[in-house]
Amino acid sequence: MFTLRRFLQLIPVFFGATLLVYFLVFATPGDPIAALSGGKPMAPAVEAALRAQYNLDQPFWIQYGLYLKNLVTLNLGQTFSGQEVAAVIGRAYPVTARLAIMALAFEAIFGVFFGVIAGLRKGKLFDSTVLVASLIVIAVPTFVLGFVLQLVVGVQLGWAKPTVSGAAPWNELILPALVLGLVSLAYVIRLTRASISENMNADYVRTATAKGLSRRRVVVVHILRNSLIPVVTFLGADLGALMGGAIVTEGIFNVPGVGNLLYKAILNGETPTVVAVVGILVIVFVIANLVVDLLYAWLDPRIRYV
Amino acid sequence: MSENLTPDKDLSPAATPPARQGKVSSRVIEHYVAPLEETPLSAVDSVDVTAAPLSLWAEAWRNLRKQPLFIISTLLILLVLVVAIFPQLFANVDPTSCDLGNSAEGARSGHPLGFTLQGCDVYSRVIYGTRASLMVGLFTTIGVLIIGGVMGALAGYYGGWIDVILARLGDVFFALPLILGSIVMMQLPAFRENRSVWTVVLVLVIFGWPQIARITRGAVIENRNADFVTASKALGLSRFKALVRHVVPNSLAPIIVVASISLGTFIVAEATLSFLGIGLPFSVMSWGNDIASAQPQVRNNPAVLLWPAVALSITVLSFIMLGDALRDALDPKARKR
Amino acid sequence: MSNYEKDMSVNNPAKKTDETPLLEIRDLAITFETANGPVNAVRSAHLTIMPGETVAIVGESGSGKSTTALAAIGLLPSNGRVSGGQIFFDGEDIAHAGEKRMVELRGNSIGMVPQDPMSNLNPVWKIGFQVKETLKANGLAGSNHKERVAEVLTNAGLPDAALRAKQYPHEFSGGMRQRALIAIGLACSPRLLIADEPTSALDVTVQRQILDHLDTMTTELGTAVLLITHDLGLAAERAEKLVVMYKGQVVESGAALEILRNPQHPYTQRLINAAPSLSSRRLQSQKVKDALAGAVAELDEPVEAGYTPSPVPAKSGLPSLRKDAEPGRAQAGDTILEIKNLTKVFKLRGALGKTTDFKAVDDVNITVPRGTTMAIVGESGSGKSTVAQMTLSLLAPTEGSILFDGVEVNTLKGKALFDFRRRVQPIFQDPYGSLDPMFNIYRTIEEPLKIHKIGNAKSREKKVRELLDQVSMPAATMSRFPNELSGGQRQRIAVARALALNPDVIICDEAVSALDVLVQAQVLNLLNELQEELGLTYLFITHDLAVVRQIADHVTVMQSGRVVEASSTDEVFNNPQQRYTQDLLSAIPGATLLV
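Residues numbered from 1 in each chain as written. Chains lettered and ligands numbered in written order. Predicted model: local features only at pLDDT ≥ 70, side-chain atom pairs only at ≥ 80, totals over all residues. Heavy atoms only, no water.

### Digging into the overall build of chain B
Phase 1 of the analysis: Helix and strand content of chain B: twelve helices and one strand.
Phase 2 of the analysis: Counting from the amino terminus, helix and strand elements in chain B follow one another as β-α-α-α-α-α-α-α-α-α-α-α-α.
Phase 3 of the analysis: Burial status across chain B gives 52% buried among its 337 residues.
Phase 4 of the analysis: Sequence separation of 24 or more characterises 70% of the internal contacts of chain B that already satisfy a separation of 6 or more.
Phase 5 of the analysis: Just so you have it, chain B exposes about 15100 Å², and 64% of that area is on carbon and sulfur atoms. (Helix = DSSP H or I, 4+ residues; strand = E, 2+ residues; numbered from the N terminus. Buried < 20%, exposed > 50% of the residue type's maximum accessible area, 1.4 Å probe, protein only. Contact = heavy atoms within 4.5 Å. Areas by Shrake-Rupley, 256 points an atom, 1.4 Å probe, with all protein chains shown as cover.)

### Concerning the packing of aromatic side chains
Phase 1 of the analysis: Evaluation of the coordinates by the stated rule reveals 13 aromatic pairs over all chains.
Phase 2 of the analysis: Ring centres 5.8 Å apart and planes at 75° place the aromatic pair F147 of chain A and F275 of chain B in the edge-to-face group. Linking F147 of chain A in helix α7 (residues 142–156) with F275 of chain B in helix α9 (residues 239–275), this pair reaches from one chain into another. In this pair, the class of F147 of chain A matches that of F275 of chain B, namely buried.
Phase 3 of the analysis: Joined through ring pairs, the aromatic side chains of F106, F110, F113, F114 and F126 of chain A make up one cluster.
Phase 4 of the analysis: A cation sits over an aromatic face here: R225 of chain A above W125 of chain C, 4.4 Å from the ring centre. (Phe/Tyr/Trp six-rings, centres within 6.5 Å; stacked < 30°, edge-to-face > 60°. Lys NZ or Arg CZ within 6 Å of the ring centre and 35° of its normal.)

### Comments concerning the packing of helix α7 (residues 174–186) of chain C against helix α8 (residues 204–221) of chain C
Residues and elements named next belong to chain C.
Phase 1 of the analysis: Across the interface, α7 lies against α8 with an axial gap of 11 Å and an inter-helix angle of 15°. The orientation of α7 relative to α8 falls into the category roughly parallel. The two elements α7 and α8 cross, and the hand of that crossing is right-handed. Within the contact between the two elements, α7 uses G175, Q178, R179, I182 and L186 and α8 uses V206, Q209, I210, H213, L214, M217, T218 and L221. (Axes fitted to C-alpha atoms, helices over the stretch in contact; angles between N-to-C directions. Parallel < 35°, antiparallel > 145°, perpendicular 65-115°, else oblique. Left-handed = near helix turned anticlockwise from the far one by under 90°.)

### Some remarks on the confidence of the model for chain B
Phase 1 of the analysis: With 88% of its residues at a pLDDT of at least 70, chain B reaches an overall mean of 80.
Phase 2 of the analysis: Confidence over residues 1–19 of chain B falls short of pLDDT 50; this stretch has 38 contacts with residues more than four positions distant or in other chains. (pLDDT = per-residue confidence, 0-100.)

### A look at unusual backbone geometry
Trans is the prevailing form of peptide bonds, just as negative phi is the prevailing case for residues other than glycine.
All names here are of chain C.
Phase 1 of the analysis: A positive phi angle, close to 50°, is found at D90, a residue other than glycine.
Phase 2 of the analysis: Within the fold, D90 resides in the loop between β4 (80–89) and β5 (92–93).
Phase 3 of the analysis: Exposure remark for D90: the relative accessible area of 38% places this residue in the partly exposed category.
Phase 4 of the analysis: Although it is not a glycine, K453 adopts a positive phi angle of roughly 50°.
Phase 5 of the analysis: On the secondary structure map, K453 appears in the loop between α16 (441–451) and α17 (457–470).

### Re the confidence of the model for chain C
Residues and elements named next belong to chain C.
Phase 1 of the analysis: Summarising the model, chain C shows a mean pLDDT of 82, and 86% of its residues fall at 70 or more.
Phase 2 of the analysis: Mean pLDDT in chain C bottoms out at helix α13 (residues 319–324), which sits at 37, and peaks at strand β6 (residues 110–113), which reaches 94.
Phase 3 of the analysis: In the predicted structure, residues 1–16 sits below a pLDDT of 50 and forms 18 contacts with residues beyond four places in sequence or in another chain.
Phase 4 of the analysis: For the stretch residues 294–332, pLDDT sits under 50, and the model shows 56 contacts to residues farther than four places along the chain or on other chains.
Phase 5 of the analysis: The ipTM assigned to the predicted complex is 0.79, against a pTM of 0.80.

### A look at α7 of chain C
Phase 1 of the analysis: Here α7 of chain C spans 18 Å end to end across 13 residues, near enough to the 18 Å set by a 1.5 Å rise per residue.
Phase 2 of the analysis: The buried count for α7 of chain C comes to 13 of 13 residues, which makes it a mostly enclosed element. (Expected span 1.5 Å × (residues − 1).)

### Side note on empty space enclosed by the protein
Phase 1 of the analysis: Tallied over the entire structure, the rule returns 14 cavities of 30 Å³ or more.
Phase 2 of the analysis: The space that makes up the second largest cavity amounts to roughly 70 Å³.
Phase 3 of the analysis: Around the second largest cavity, the lining residues are K23 of chain B together with T54, L211, L214, D215, T218, V225, L227 and R238 of chain C.
Phase 4 of the analysis: Put simply, the parts of the chain that give the lining of the second largest cavity at least two residues each are α8 and β8 (224–229) of chain C. (1 Å grid on protein atoms, 1.4 Å probe; cavity = no way out; pocket = protein on both sides within 12 Å on 5 of 7 lines; lining within 4 Å. Points joined across faces, edges and corners; volume = space filled by probe spheres on them.)

### So, helix α4 (residues 60–72) of chain A
Residues and elements named next belong to chain A.
Phase 1 of the analysis: End to end, α4 covers 18 Å across 13 residues, agreeing with the expected 18 Å (1.5 Å per residue, within 8%).
Phase 2 of the analysis: Within α4, burial applies to Q63, Y64, Y67, L68, N70 and L71. Projection of α4 onto a plane perpendicular to its axis shows the buried side chains occupying an angular sector of 160°, all on one side. Away from the buried face of α4 by more than 90 degrees, exposed residues W61, K69 and V72 are located.
Phase 3 of the analysis: Downstream of α4 by a residue or two, L74 has a phi angle that is positive, lying close to 60°. (Arc of directions from axis to C-beta.)

### Some points on the interface of chain C and chain A
Phase 1 of the analysis: Taken together, the contact between chain C and chain A spans 28 residues of the former and 23 residues of the latter.
Phase 2 of the analysis: Regarding the contact of chain C and chain A, the summed buried area is about 2300 Å², with carbon and sulfur atoms giving 59% of it.
Phase 3 of the analysis: Note that R217 of chain A and E133 of chain C form a salt bridge whose closest N and O atoms lie 3.1 Å from each other.
Phase 4 of the analysis: If you look at where chain C meets chain A, you find twelve residue pairs in polar contact (both at pLDDT 80 or more).
Phase 5 of the analysis: Contributing elements (two or more residues each) for the side of chain C that touches chain A: β6, α4 (127–137) and α7 of chain C. (Buried area = accessible area lost by both parts, 1.4 Å probe. Salt bridge = Lys/Arg side-chain N within 4 Å of Asp/Glu carboxyl O. Polar contact = N/O pair within 3.5 Å; in protein donor to acceptor, adjacent residues only side chain to side chain.)

### As for the packing of helix α5 (residues 85–120) of chain A against helix α10 (residues 215–253) of chain A
All names here are of chain A.
Phase 1 of the analysis: At their nearest, the axes of α5 and α10 sit 8 Å apart, and the two run at 145° to each other. In the crossing of α5 with α10, the sense of the turn from one axis to the other is right-handed.
Phase 2 of the analysis: Considering only residue class, the contact of α5 with α10 consists of 19 nonpolar, one polar and four charged. (Nonpolar A, V, L, I, M, F, W, Y, C, P; charged D, E, K, R; others polar.)

Put into structure tokens, the structure is as follows:
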């Protein structure tokens, strides 16, 4: 019941977000074809192909409908160099998925771990240290962190390869994943910490203690589960941010993923590829949000009935 | 609450127990009375007129000015502001007069941070780059506050269809994160060809307002049904005036906190866009641009990249620290006595 | 040697029984570390509980009663600590016992039933789970824990326990949650149960059922109970022994009925005088009392402490005289407010967008004569507050009419509505919510004058001063902010704000319910004096019948949106016609203990 309703609510979000992307590209001032080519001159054959791909002779809503159809059926047109966009994305996607999952796991595991300890020892040295460190991590832009880590860990220490090779195996992605997840890690720590220290003062925690439960059980059963609810929501929403952040990280480490693809498409002004990639990212994001909602309902029974 | 509650009354048989007469113990219980001098009675509920009156803001200020986090961040922000407004006070080398003869040279007298590949003075560029970054952060935050604040306040206060539309619209924008959305927009020819501080601000506002709208909406909803709002309406205040006079002032605290932190993230976003080559034009001196142009030499001459990055990080850090300090001082839970 | 011991040795030198007290608190001091330095919340407190005995600690908020009890189970907040004295549990000093020892004791030796049923159950775990872990932690779950859980819940008075165990707290009503908490507190048959205001969040009839049940259970199990309450009547009715606390100290203790009949300490005397549950007369203004004084003098000797003038006028015993002597109510009698066939239907949103109708107010008729107080009494969900909202024209009725001074309130618009707003004013329940925290007191009281564009800045300031004086607040309060005032003071400011426009009717929605007994008495007195002085009419919404007795001339009893009984206050109290009214009356704690 709840699942169904949440699912139904996501449909307008999906349409809205794709419409937004489509609108941005095709309704901003200027010739859409010029927009698609990034303002560069192009061969008449390419121009004709683009017109056909985006049905630019049709009214706007039909154009949009056909764009959606193309998006869902993965009929995404061709890059300027004549490759199928779908095929290019198909090669890049698994790499980015791997990268994002590693980053997410990294921030979930370490973020919750440090956040819980800091929250339980609020005001102590460990807490202050973690807090200051997290502030610094948030303040330093990802690309700076990327360069620094690449330089120090990759080049000077030689612990990891500074750039990723073509196949992008797991072990080579560790450093990029670390960089990608670092800022979110800081947010997870702060969120978990705040949530824990708030729940520690909850009445039901005192009641649980009064029942004769050990401190350990009170923390694990009563504080932790309740505190993780907002953290889970954050992690789900963060998947989208990670995809966005991947542009920078993949650029630095030369990871052959979606972000890199997007970055190069932007540099070359290949709008069709940009639109296609972002459309796919929106789908992923919307699905991730659905998963989060379900997880949320599982963690917090009150939600199921609202 | 859901409807399947069983009324309390049905829980036990309806028989009225006999009137209660109190319990009488079989044990001897001594009657103890504390000596009066030990516990003098004071008048019921008297007003303490000795302490100085404190508004909530005054109280927050009193807490804040003792907080190192707040003092450090405020001083840093003031410094950054002064540098942004009067860069010539801090650097006497023209950041644009570059001499390829100095290309990638190290530090020397008058040029404490060395030179870029183009032979420009790094220190001077860092000082003069402050203005652009700060302007983007500041104006984006103002724009986001106006649009997000108004939308959020109206949606939260009036509810109904405005709220429904706003909630869905917010969801749509949330599906396109700040950086991703800005990238799509900035790479469009219409924006790419007219890049300036203002286009970057516009794009960041478009994708940044839903967050403030969400926060404002939540804060307004928390206050809209407060008794003091109802009381004002019963006094004859119009609904809209009650929003402006009572609801909004009481909802400001969380908005200020988020705005301060957002200012930092907008500066980072601008730098990221510039780094990707679709942010500020190269003619505008900014930390993001300098980092981008230093990137190719990062392995040979990391300092050129490092200094603008340090300036950027410290600025962002001070805004985030300020937000943190404000959060603690304005926490509504701590406010209630 | 503490005063307590001195006192004992003087009063009762021979008192040494072979019985060991179950709990003995000696000279206890508790200190809280706060931002403004250490605060001594409790000083030289002492009490003794024998096995199986029920002892009640009575006191107002901030008296240290809960803190004392929490110290006994080692659950002081993290910034609090025992800074002196001992707590003996069965002969063992546990004041500074380690965490390990306290975990052993909690649950099976010392149990606890907390105050607020809404926040004391973990919302994400099923009720059954929360009971089971209590049993498990104390090694009592055994192999058949499902049956044990059901048994424990059944014992606490929850029917269908096996099914209920599978539900979450949010699926329970407040009363049921409190039963679940009682089940948890008593699950391991502790020898001592600490019950911290276990029913103060509940309706009186539910409160009574639950306390009755708790009584039965603890008697069966032989459990001693430490009952924390602000309600003297309730304490006297449920406990053998009373301990009265005031400002962190024990001011008086002894056998419950003895203290009730023969209070020695002036604070206790004050408390007994003010306790609404024990008082049975309508308050009277000083003027009326003076008028009556001669006639009453020889009939009724008020129990006066003679130490500090009590804020509550002593009860003078002749309510029948009052009607004859009503100075200052010249025009009393004509109807100022008439509610006819008032109905309010709310649409509740169900699953899948379906709506169901919910009749919150159902065909209610109320007539309020000018210059009198009409009380609307009912439990939560009775629709009484909805009636108030509609009378204030803040909510549109579905059907029926409200006539104010002969004019239909419902259809008022523009200037007429604005004028109505001037003449009818509200006072709300929550003293923490009814004043804008951003406005200082001057702006708060000035606001109505400003809205109605009365006077200039200078005359308004004068008016604010007058109003503050009228509610007995010093003029210096003007520059203060609500968060610097106590609940009772805020409520007096709310009264001043309501008076600013010289209204005819004031609608008090649970206006004194959140206040401590003495403060409550003070505000009720203030309201009463103002009524005499200004000829005000009150519509007084409350769940507390005891308060009704003190302030109302007429009573309307509501249940589930309907009027069950309506009559004069004396009639309702002395001769209730309906079963529901009788139940409500008999549920007033301490009602049968009238001295």
